[in-house]
Amino acid sequence: RLLSLLNISDKDARQRVSAVSQALYQQSLNHVADAADSQTGGALAGASAAFGLASDKAARMNTEKYRHIASDLISGGRLSEEGKNRLQKAQQVLRLDDQAAASAFAAVAAPILRQEVAKVADALRSETEASAEQVKQMASTLADHRADLGLPADKGFNIIVDGFRITLRSLYDKACKDARINGEARALATMDEMLAFAAVAGKVLAELHVDSAEAPQLTLPADSAAARRLYGVYLNRSFGTDESLAPPDDVAHLLELSEADEETARVEVCQPRLRELYADSITKAEGGGPPLSLAKLGLIAEKTKFRLPASAMEEAALEVYKSRLEGFSGRVLKLHEKQDLDAARNFLELTEADVRKLHLKAFANIYETSVEEALGRSGVMSPETREALLQLRERLGLTEDDAEKIFYSVIDGRLKDMMEDVQEAWEEATYTKDALQKVWKQRGKDVGDDPSADGTGGEMALSGGPQLEGVRGSKLMTELCKVADFYIKNKVLREGKNVLHEDAYPVTVGKWIEDKTKEEIYGIFAWNAVTCQDSGSRDKWQAAKPHVGGILGMSQDQMQKTMVRMVSRWANMFIKQKIAESGKLGEEDINTLTTWVPTFFGIDKDVTKDMVQAANKGVLQSKVLKLLNQPRVTPEDVTKLRQEVDAWDLVLQKDLELTKPQLRSLFRVEVTAILEDTGKTNEEKQDAIAQSRESFSLGDREATVELQDLLKVRTRGCLVNAVGDLLQGNETMAVGEMRRLELLADFARGVEGLKLNLDMDVAPSMRQQLVKVYASSAAGDGKAPDIELLEEILCLAAA
């Protein structure tokens, strides 16, 4: 309510209350220095609670008050015994723990001690050659001052180290500035001063260190880039003649340089020096100076001083070798030049593998040009030319693998040019004349009356042709033979490799031509190589066939599949022709396809067997359709069909692709004959029906339904026929129908779930008369009629 009346916010009110509380509490603290007793301590605790002062704020104010008291007590540079007592009482009154009191006192005493440390540091900078006595005196002065201030030995020692490090930092900053602005000479002078100061200051610290452990080294954490630069400047000077200077490792240690940064700086400084030494040694040796073998020994000491990693030394050597090699780039080396390069490489401790890429860059073009010239217009290298290329490769310092890749590159280019003629010849052999004219028109060429462009494309060399008997595409054969000869005579084919293995062909057509086109090109060549009637051409083409496939980039499996497709096309035409002529394949036709064709074309017998099987499959499918469309199908028809199917190892349902209704129709025809076979027992009939069901791939339930329906239809048919025969006065025929009815009824008793009931629309008197006529007749098989069974199924009362 008061806040509302005064229009003061909660935050503002809290701040004002806090300020008043702190002011009141501060008044209470002002009496601590004069009245440091238990009553004062209690009064302070009560005041902080009464003023609502937070405990952390009270603690901070107590600590600050303790620092003020300590500052007053040591303002003269010394803490008296009385002062120590007052501080202890103040600590108790202000309720500070030992650590908080010690830290507060050190914060006050440290600046005073640092002033003394600064004086000593200035003296050390001017007395870098201080004697041992002087060092002890300076250490004693600092120790005494530390004791006068009442600082513990460890805290005082750390303050002294920090004071020396401040001086060291100022020298380091000056050295960095000199390196950037005033030059390396000024920077080196400052670094010398910095090292000298660090050395003598370290001696003072060693005197002050009271622990048994070794005194800590005086070092300076520095920026890695700046420290690396200073180290490099100092390292570069260290290779001079002045041996009185501190070693570069002292600089690295002083600036806390990491091993990686030290190595980087060392490489930056020493690698150019090593390159210069390498280059000078080679130049002097070539000018008549000391041979490289002696120069190499002389460099051992220098390289040891550089302490370069092996990778940096190799890099320097490669740079020197590269520089010398550039003078010979793009031309053939003379013998003495090659010898000089080899000597320089050995001197630089480089292997041929190390300089491989340099030689490849310098001489690849000249070697490629030489290979082109060696092939010449004929496209085939002579043995002498090949030997000359080998010598050139050695002279240019190219490795065997690199020279081989360049050689293959040239072969690849020539092969592309040759394959243009091949593709054109393939188009002539396969395109119709109209299609060929369209393609050639796009290329600016006129097909004209070209005899090879006969407009019968699409037959894929399977029909006869006018240029070579039995061959279509003779121009294509010629062009492909040129390619194979070019490949073999230039020894592109890898030695020791099977010619049928794809690894034997390092240069192939690849993606220049589509895979489908390549397969068609090879198919024509392979077909003609087998079917050509001219023995000379056939032998030549047969020898070139595996090479043609390999150069086209086809595997043995692809070549075989392509040949199989070609043979399949011919075989299918042969089969169509024979079936068109006689409606089926005769034994001679089948023997041709399954025996002669695989042998002649070198393909697997299963290929033509499958084709013949497929052809017969089509014939049998037609037979099944005709059979099912006949007015009446006999069991003999089904048996004959089954025999033909089995002869070709086919399955009715799977291979002839019959529908379920078609399979059920054939099943009914076959089962009808089984049911009416008087020579079989019911058990034998059951087995025969089960076999029929399996052969027609019918399920148990499906077959049972068909059997039940068949029995019903057949028994009713027998009854109707018997009635008709009796009405016409033909008792013999009527008895035969009744005998068939009894046979079916006897089997039906064993069919699960089937109950015959033949009351139909036949009058009971007529049914009774039929039974009497049948009972009075003599059984044809010597078996007495089962009158009881007939009366049961005809729904007649027992006689």
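Owing to the predicted nature of the structure, the values given are computational and were not obtained by experimental measurement.

**So, the overall build of the protein**
Secondary structure assignment for the protein yields 33 helices and 0 strands. Here the protein, with 799 residues, has 41% of them falling under the buried criterion.

**Considering the packing of aromatic side chains**
Following the criterion strictly, the structure yields 13 aromatic pairs and no others. Here Tyr487 and Tyr505 contribute two aromatic rings whose centre-to-centre distance is 5.8 Å and whose plane-to-plane angle is 40°, an arrangement assigned as tilted. Of this pair, Tyr487 sits in helix H20 (residues 474-489) while Tyr505 sits in the loop between H20 and helix H21 (515-531); the two residues are 18 residues apart in sequence, bridging distant segments of the chain. By the burial criterion, Tyr487 is buried, and Tyr505 matches it.

**Structural notes on helix H6 (residues 98-126)**
Its 29 residues give H6 an end-to-end C-alpha distance of 41 Å, which sits within 8% of 42 Å, the value for a rise of 1.5 Å per residue. At Ala109, H6 shows its largest kink, close to 35°, and the proline Pro111 lies no more than four residues downstream. Its side-chain oxygen placed 3.3 Å from the backbone nitrogen of Gln99, Asp97 serves as the N-cap of H6.

**Examining the side chain of Arg345**
Mapped onto the elements of the fold, Arg345 is located in helix H15 (residues 335-347). Contact partners of Arg345, with chain neighbours within four places excluded, come to Tyr321, Leu350, Thr351, Glu352 and Val355.

**Notes on a negative patch on the surface**
On the surface, Glu314, Glu315, Glu319 and Glu326 cluster together into a patch of negative charge. Tracing the sequence through the fold places Glu315 in helix H14 (residues 310-325). For Glu315, a relative accessible area of 44% puts it in the partly exposed group.

**Let's talk about the environment of Gln542**
Its place among the elements puts Gln542 in helix H22 (residues 535-551). In this structure Gln542 touches Ala529 and Val530, once residues within four positions along its chain are discounted. One polar contact links the side chain of Gln542 to the main-chain carbonyl oxygen of Ala529, over a distance of 3.5 Å.

Parameters and conventions
- Residue positions are given per chain, counted from 1 along the sequence in the order it is written.
- Predicted model: local features are reported for residues with pLDDT of at least 70 only, side-chain atom pairs are reported and counted for 80 or more only, and whole-chain, interface and lining totals are derived from all residues.
- The side-chain figures draw on all heavy atoms in the structure; neither hydrogens nor water molecules are used.
- Strands are runs of DSSP state E lasting at least two residues, helices are runs of H or I lasting at least four, and both sets are numbered from the N terminus onward.
- Throughout this description, buried means an accessible area under 20% of the type-specific maximum (1.4 Å probe, protein chains only), exposed means over 50%, and partly exposed covers the range between.
- Ring pairs are drawn from Phe, Tyr and Trp, using the six-membered ring of Trp, whenever the two centres fall within 6.5 Å, and their geometry is named by plane angle: stacked under 30 degrees, edge-to-face over 60, tilted for the rest.
- Here a helix's expected span is defined as the number of its residues, less one, multiplied by 1.5 Å.
- Bend, in this description, refers to the angle at a residue between axes fitted to the seven residues ending there and the seven starting there.
- Here a polar contact is taken to be a pair of N or O atoms separated by no more than 3.5 Å, where protein atoms must pair a possible hydrogen donor with a possible acceptor and residues adjacent in sequence count only if both atoms sit in side chains.
- Contacts between residues were defined by any pair of non-hydrogen atoms, one from each residue, lying within 4.5 Å.
- Patches draw on residues past 30% relative accessible area with no salt bridge. Two like charges within 9 Å are joined, as are two nonpolar side chains (Val, Leu, Ile, Met, Phe, Trp, Tyr) within 5 Å.
- What sets the accessible areas is the Shrake-Rupley method with a 1.4 Å probe; for residues, cover comes only from the shown protein chains.
- The salt bridge definition used is simple: a Lys or Arg side-chain nitrogen within 4 Å of an Asp or Glu carboxyl oxygen.
- In this tally, Asp and Glu contribute negative charge and Lys and Arg positive charge; neither His nor the terminal groups of the chain are included.
- Every charge is mapped onto a representative atom, which is NZ of Lys, CZ of Arg, CG of Asp or CD of Glu.

Note that all results are geometric; they support no functional claim without further evidence.
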